[in-house]
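One-letter residues, chain by chain:
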Amino acid sequence: TAYEIPKRDWSSDVCSSDLAVDMTLPTGTAMDAGHTVNINDLAQDWTVINTGSNAATLLAATDHTIVGSAVVAAGTSGSFRSRRTATNTYVTYRL
């Protein structure tokens, strides 16, 4: 069974390619609210492609933990897997 990370307009987080960017992941509650199916251990793989001139950093929100490097260097990409571990609780891993 597949599901999606809730849709979000990340463009509001990007002010300029000359600035470092912080992107806060959704809270666990927001993640659950955005899914029609909430089953523990389901996961979604996703990628950040940083075309800017500075680093992009993922930040953890309430009930959302990041494992591994959350920094995507300028001109590179980073692959991630977000997994539901319990009700309103998610872990995102750097792959």
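Cut-offs and rules
Residues numbered from 1 in each chain as written. Predicted model: local features only at pLDDT ≥ 70, side-chain atom pairs only at ≥ 80, totals over all residues. Heavy atoms only, no water. Helix = DSSP H or I, 4+ residues; strand = E, 2+ residues; numbered from the N terminus. Buried < 20%, exposed > 50% of the residue type's maximum accessible area, 1.4 Å probe, protein only. Areas by Shrake-Rupley, 256 points an atom, 1.4 Å probe, with all protein chains shown as cover. Pairing = 2+ DSSP bridges. Axes fitted to C-alpha atoms, helices over the stretch in contact; angles between N-to-C directions. Core = buried A, V, L, I, M, F, W, Y, C linked by side-chain atoms within 4.5 Å.

Q: Can you walk me through the overall build of the protein in this structure?
A: On a plain count of helices and strands, the protein comes out with one helix and seven strands. Listing each helix as α and each strand as β along the protein from the N terminus yields β-α-β-β-β-β-β-β. Of all 95 residues assigned to the protein, the portion counted as buried reaches 32%. For the protein, the exposed area adds up to about 5,300 Å²; of that, 53% sits on carbon and sulfur atoms.

Q: Explain the sheet that holds strand β4 (residues 64-67) here, please?
A: The sheet built from four strands is open, its strands ordered β2-β6-β7-β4 with mixed pairing. Where the open sheet ends on each side, the last strands, each with one partner, are β2 (43-49) and β4. The mean inter-strand angle of the sheet, taken between neighbouring strand axes irrespective of direction, is 25 degrees. Here β2 runs beside strand β6 (residues 77-86); their pairing, made up of seven bridges, is antiparallel. Looking at the pairing, Asp 45 lines up with Arg 81 of β6.

Q: How do you make sense of the environment of Ala 20 when you look at a structure like this?
A: Examined against the element boundaries, Ala 20 turns out to sit in the segment before β1 (21-24). A relative accessible area of 57% places Ala 20 in the exposed class. For Ala 20 and Asn 54, which are 34 residues apart along the polypeptide, the C-alpha to C-alpha distance reads 4.9 Å.

Q: Sorry if this is basic, but what is going on with the nonpolar core here?
A: The biggest cluster of nonpolar side chains holds eleven residues, and these are Val 21, Met 23, Leu 25, Trp 46, Val 48, Ala 56, Leu 58, Ile 66, Ala 70, Val 72 and Phe 80. Listing elements by their share of this core, those giving two or more residues are β1, β2 and β3 (56-59).

Read these as spatial facts, not as claims about activity.
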